[in-house]
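Working through the structure, step by step
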2 protein chains.
Amino acid sequence: MIYTISKLCGTAFTLKKGQYLKVINPEGAQVSDMILVNPHDIKEKISSGKTLDFEESILISTNNFLWSNRSNKMMQIIEDTNDRNDFLLAPCDSSTFAHFYDMHDPHPSCLDNLARHLKKYGIMHDEIPTAFNIFMNVAFDSMGTIRVLPPTAVAGDYVLFKAEMDLLVALTACSAKDSNGGCFKSIQYEIINPVDH
Amino acid sequence: MIYTISKLCGTAFTLKKGQYLKVINPEGAQVSDMILVNPHDIKEKISSGKTLDFEESILISTNNFLWSNRSNKMMQIIEDTNDRNDFLLAPCDSSTFAHFYDMHDPHPSCLDNLARHLKKYGIMHDEIPTAFNIFMNVAFDSMGTIRVLPPTAVAGDYVLFKAEMDLLVALTACSAKDSNGGCFKSIQYEIINPVDH
């Protein structure tokens, strides 16, 4: 069954070790922020610093693992038809819109959407780490300068993850215009059991 | 007064808004991991994801700010005589030594040294985020591949930070051989009042 996250929204769900998660870009050019937590001990969560260190790369794609702050493998990327994700930048929040867009009125954000759906599991805003930003196209040059470019993902592109441990997953359809090529779109996902894969 | 952190050790102290912190490389080629926390509310802490996002750079040096997970400025870098720091990689811990060095016996680590000195403020291992790795020389290419190289810092190099808010600071003399050009050395620091600067 394929689930849809409407534009500017998010969700959270659990995944069993061995299950697969397919995150799909139904219209193309849309980013999805993903947070992973150990549902049996919510202090263990996805770590950008540990992942970049152990995978020895800024760019994380097929065959790479996503690691936790306790140095456990949380997921492996099995397939990535777009081959561009970001693991440098924090989820967009109200300060993002003030800083980059000079927008000071309330606006949906990935941080709020992640926190809203993680709250019932006891995880609050402050505890949400840097997300794995699926399909996000962050360019960097040799001087380290960062530019957020429109995603290269086209309609139908997907990333297939395998759960290396039981997981609590929070997922968004990102709310920052520049990250999504200028307009907001939906994200889809599918949970696939090992026997069906 | 100049304080010395012995090789393979760490410390923690508070800094008032407006004070300066000078982190010095007394022998050269030594890394120092730094964690910043709001002493009035320890859930607010330094954020790599927010800093790289708002500073629009992987490389953080003179004039850049270090930002918190609540999007507040924690420090500004006023002077950086070496001009090379890292904000990508997690502090070294026991898993680092197992993963990269095939060392499974107990070994001092930045994570343990940070946690030991932050424990009395109520901050535990799991809550320590990616540190700002002063003097750490992490090279990356256009494919995103990361290589940890010996620090370029020579004896006497320093980074001068200004506190933009009251801060709890934890600082180490890093314990990972590859990050420090093959041998462990001390780190020094000085707290300077605005009137003395």
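The rules we used
Residues numbered from 1 in each chain as written. Chains lettered and ligands numbered in written order. Predicted model: local features only at pLDDT ≥ 70, side-chain atom pairs only at ≥ 80, totals over all residues. Heavy atoms only, no water. Salt bridge = Lys/Arg side-chain N within 4 Å of Asp/Glu carboxyl O. Helix = DSSP H or I, 4+ residues; strand = E, 2+ residues; numbered from the N terminus. Buried < 20%, exposed > 50% of the residue type's maximum accessible area, 1.4 Å probe, protein only. Contact = heavy atoms within 4.5 Å. Buried area = accessible area lost by both parts, 1.4 Å probe. Least-squares fit on C-alpha atoms with pLDDT ≥ 70 in both.

As annotated in an unreviewed UniProt entry, chain A carries the name Urea carboxylase-associated family protein and comes from Galbibacter pacificus.

By the definition in use, this model includes 12 salt bridges over all chains. Where Asp93(B) meets Lys50(A), a salt bridge forms, and the shortest distance between an N and an O atom there is 3.2 Å. Of this pair, Asp93(B) sits in the loop between β6 (73–80) and α2 (94–101) while Lys50(A) sits in helix α1 (residues 48–55), on two different chains. Take Lys50(A): its relative accessible area is 2%, and that puts it in the buried class.

On the side of chain B, 34 residues touch chain A, which itself brings 34 residues to the contact. Note on chain A versus chain B: buried area summed over both sides is about 2900 Å², and carbon and sulfur give 53% of it. It is Asp53(A), Phe54(A) and Asp126(A) that lose the most area in chain A upon contact with chain B, and together they represent 18% of the buried surface on that side. Between the two partners, chain A and chain B, sit 6 salt bridges.

Looking at helix α3 (residues 110–118) of chain A, one finds that the buried residues are Cys110(A), Leu111(A), Asn113(A), Leu114(A), Ala115(A) and Leu118(A). Those residues of α3(A) that are buried lie in contact with β2 (10–15), β4 (32–37) and β11 (167–172) of chain A.

Before going further, it helps to spend a moment on α2(B). Listed as buried for α2(B) are Ser95(B), Thr96(B) and Phe97(B). Residues of α2(B) that are buried in the fold lie against α1 of chain A. Phi for Asp102(B), located one or two positions after α2(B), is positive at around 55 degrees.

It is worth spelling out the relation of the copies chain A and chain B at this point. Think of it as a corkscrew move, a rotation about one axis and a shift along it, taking one chain copy to the other. For the pair chain A and chain B, the best superposition has an RMSD of 0.0 Å and corresponds to a rotation of 180 degrees with a translation of 0.0 Å parallel to the axis. These values place the two chain copies in the arrangement generated by a two-fold rotation axis. Comparing interface residues between copies, 100% of those in chain A also lie at the interface in chain B; the contact surface is shared.

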